[in-house]
Amino acid sequence: MRSFEHIYINGRFVTPTGTEWLDIIKPADGSVIGKARLADENDALQAIAAAKAAFADFSRLSVADRLALLANMVEVLQQSEEALHEAIREEYGAPASRSQWMARYPADVVQQVMTELRTYPFVQQAGRATVQMLPLGVAGLITPWNSNAGFICHKLATAIAAGCTTVIKPSEFSIWQTDVVTRALDRAGLPSGVFNIVTGRGASVGHAISTSADVAKISFTGSTETGKAILRSAADSFKRVTLELGGKSPTLILPDADARHAAELAVQAGFINSGQACIAGTRILVPEHRKAEFEHELTAAVQRQRSGPPADAATTIGPMINQRQWERVQRYIDIGVQQGARLLTGGVGRPEALREGWYVKPTLFSDVSNEMTIARDEIFGPVLCMLTYRDEQEAIAIANDTQYGLSALVIGADENHARQIGEQILAGRVMINTLTHEPRAPFGGFRCSGIGREMGQAGITAFLESRALTVA
């Protein structure tokens, strides 16, 4: 059994002042595979003080020096890929194909930030004024459990590119993964205080970061409700805030789409990361006159998915992160049935022959109206809703009838027409016949899906403030 007894403050591994211990549960079978000592508010305040002390010198580093530090990060993260893969598989439960990508992504995303930093215009001319882009100060980075290492490294690399120092609060459900990343970053030669990692509860560590007057910027990825709380806490000190929150993304299949191809792509969009993804396309909109055809193809596509042990090469959907999340998904499936949606495949309970672990049957509902709870709420599991529309204007209206607006997918044979439809959907990212992510594009949401943008040069700008100098 593994034991994690340290956090990282001011360039050193230290014992938290917090005294709470947390069991690390393996999602694949529910067994305890480790324990960890959590940080508390005092630890967070020490980390903030370290980041504040380091800011003055670090903020003056040249772009070349920051690029060199980021290159060091890439090297040590690549060296840690195998160890990170093991941690992701055991602690998070991602299937092998997904966990391998998740282990590579931290180094890849740092390289993406380096690409943007090389050409970022820190000094611009606006008429007679010289506009200088200045680092905000200490940045609080709060990351979720569904892709913990990638979020830590992307947010940290972006803050470093901008010249900010950081305090990072990872999810307490990703402690093993965080430890691998922290030990890698410790070898990267970053100046003391530039990154501090304090894993603890949101109510203590997260609250201390979001309320501290010494933190100038918050970058948070997680639930919409927590995002609202952070926004309220940040208001008193006028923190700059970037929030990447929940979603209930539509996949709009147009009347001219090939049914089998569209069904496969739609199911991939809905079940990405075992359905535990803010961008998951869980509302599938199909033309009413082809309802039976799409019920058949979507059901077949869902049934080709395999919910099972992460180490099994045939597995495409791993377990939910923990019992609480499993119970949440089960509750929503039951609500769908109670409200009159028709189960085409899946349902409550574990898949056959799986008696332990937090596995969910890949589930597809039909006869869903957009007013039903399963069409409104973010479930965060492998549960899809099929809705029908009579014409394309109704489809667009349904797609936009949500409190969210993070991502959308449009599938159609006529790509130009599909693009015209996509341009009428209110989402921060609209994909046309593809699920391939473009890392240079800004990423974020409309409405309750968030505030601000990450990725690309927009992501660096989010850690900067402009100063205009005008000379007589």
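The structure contained in this document is the topic of the report that follows.

Ring pairs (aromatic) are described by centroid distance and by the angle formed between their planes. Tallying each qualifying case throughout the model produces seven aromatic pairs. Ring centres of Trp101 and Tyr105 lie 4.8 Å apart, and the angle between their planes is 25°; this geometry places the pair in the stacked category. Separated by four residues within a single helix, Trp101 and Tyr105 lie in helix α4 (residues 96-118), roughly one turn from each other. Taking relative accessible area as the criterion, Trp101 reaches 31% and is therefore assigned partly exposed. Taking the relative accessible area as the measure of exposure, Tyr105 reaches 13% and is therefore buried.

As a further point, take the nonpolar core. Formed by 72 residues in total, the largest nonpolar core has its most connected members in Leu70, Met73, Val110, Leu156, Ile160 and Phe463. Setting aside residues no more than four positions away along its own chain, Met73 makes contact with Val110, Cys153, Leu156, Ala157, Ile160, Leu185, Ala188 and Leu190. In terms of nonpolar packing, the next biggest core, distinct from the first, is built from 32 residues, Trp326, Val368, Leu387 and Ala418 among them.

Structurally, Ser59 can be placed in the loop between α1 (41-58) and α2 (63-79). Within the structure, Ser59 has its side chain in polar contact with the backbone oxygen of Ala56 (distance 3.0 Å). When near neighbours in sequence (up to four residues on either side) are disregarded, Ser59 contacts Pro135 and Gly163.

Structural remark: α-helix, 3.6 residues per turn; residues separated by three or four positions point the same way. Relative to the 16 Å expected for twelve residues at 1.5 Å per residue, helix α6 (residues 175-186) spans 16 Å between its end C-alpha atoms, a close match to the ideal helical length. With ten of twelve residues buried, α6 lies mostly within the body of the structure.

Attention shifts here to the pattern of salt bridges. As enumerated under the stated definition, the model contains 22 salt bridges in all. The salt bridge partner of Glu172 is Lys169, with a shortest N-O separation of 3.5 Å. In this pair, the class of Glu172 matches that of Lys169, namely buried. One connected set of salt bridges, linked through shared partners, spans Glu20, Lys169, Glu172 and Arg201.

Procedures and definitions
Residues numbered from 1 in each chain as written. Predicted model: local features only at pLDDT ≥ 70, side-chain atom pairs only at ≥ 80, totals over all residues. Heavy atoms only, no water. Phe/Tyr/Trp six-rings, centres within 6.5 Å; stacked < 30°, edge-to-face > 60°. Helix = DSSP H or I, 4+ residues; strand = E, 2+ residues; numbered from the N terminus. Buried < 20%, exposed > 50% of the residue type's maximum accessible area, 1.4 Å probe, protein only. Core = buried A, V, L, I, M, F, W, Y, C linked by side-chain atoms within 4.5 Å. Contact = heavy atoms within 4.5 Å. Polar contact = N/O pair within 3.5 Å; in protein donor to acceptor, adjacent residues only side chain to side chain. Expected span 1.5 Å × (residues − 1). Salt bridge = Lys/Arg side-chain N within 4 Å of Asp/Glu carboxyl O.

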